[in-house]
Amino acid sequence: DLLGSDHTFLEGVMFAIAGRIVINEVRRRVEKPVMDEVGRRVATALKPKPKDLDAEAWAKLAACVALDLAGDASELIPFLGEFADIGFAPVEAGLLRAFFKSNAVAAFGFVEEILPFTDLIPTFTLSWCLTYLWPTTPLAAQLLPEASAARTVLPPRGGS
């Protein structure tokens, strides 16, 4: 009886190994090509086209980097810098609203500036990237609907 239970155990192990081999082969033949195609499509859709950017967009990027650096400058003064952020938060929110015409981005910038130790998030530059490099992403569509609709390859809703 002891040998019989050993054979049953070994048979179970062999079936498990064979099952795993079959599953891996099916995944390699079926799932991998599908995932590769999805990856290619996503990479194509997210590929930035800097040649399509005009001088105004590049100037806005320079301003965004400068404003991010200005917001980070308060961190140079330990402890007191966090209090300076209280004054800069509404300024940042207003500038973000003016630059990107998005209340969601302005609110994020305000909260990012008010919260301690979050100054290192480059909110202006990230917003610029969403607007000009990746406007077709779901995040851009949520945060920057106007810019996303203007820069997408799809026709606007209700249009032809």
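Definitions and limits used
Residues numbered from 1 in each chain as written. Predicted model: local features only at pLDDT ≥ 70, side-chain atom pairs only at ≥ 80, totals over all residues. Heavy atoms only, no water. Axes fitted to C-alpha atoms, helices over the stretch in contact; angles between N-to-C directions. Helix = DSSP H or I, 4+ residues; strand = E, 2+ residues; numbered from the N terminus. Parallel < 35°, antiparallel > 145°, perpendicular 65-115°, else oblique. Left-handed = near helix turned anticlockwise from the far one by under 90°. Contact = heavy atoms within 4.5 Å. Core = buried A, V, L, I, M, F, W, Y, C linked by side-chain atoms within 4.5 Å. Buried < 20%, exposed > 50% of the residue type's maximum accessible area, 1.4 Å probe, protein only. Expected span 1.5 Å × (residues − 1). Arc of directions from axis to C-beta.

**Q** Is there a simple way to think about the packing of helix α2 (residues 55–73) against helix α3 (residues 80–100) in this case?
**A** Between α2 and α3, whose axes approach to 11 Å, the crossing angle comes to 170°. The angle between α2 and α3 places the two elements in the roughly antiparallel class. Along this stretch, α2 crosses α3, giving a crossing that reads as left-handed. Counting all contacts with α2, which are made through K60, A63, C64, L67 and G71, the residues of α3 involved are D85, F88, L95, F99 and F100.

**Q** Explanation requested: the nonpolar core in the structure shown.
**A** Note that soluble globular proteins tend to have their nonpolar side chains buried in a common cluster. Judged by nonpolar contacts, the single largest core of 16 residues is most densely connected at L53, F100, F124 and W128. Secondary-structure elements contributing two or more residues to this core are α2, α3 and α5 (123–132). Considering every element that reaches this core, the biggest residue donor is α5, with five residues.

**Q** I'm lost on α2 in this one. Help?
**A** Think of an α-helix as turning once every 3.6 residues; residues three or four places apart then point the same way. For α2, which comprises 19 residues, the first-to-last C-alpha distance of 27 Å matches the rise-based estimate of 27 Å (1.5 Å per residue) to within 8%. For α2, every residue scored as buried is listed here: A57, K60, L61, C64, L67, D68 and G71. Taken down its axis, α2 places every buried residue within 130° of arc, on the same side. Facing away from the buried side of α2, by more than 90 degrees, are the exposed residues A55 and L69. Contacts from the buried residues of α2 go to α3, α4 (103–114) and α5.

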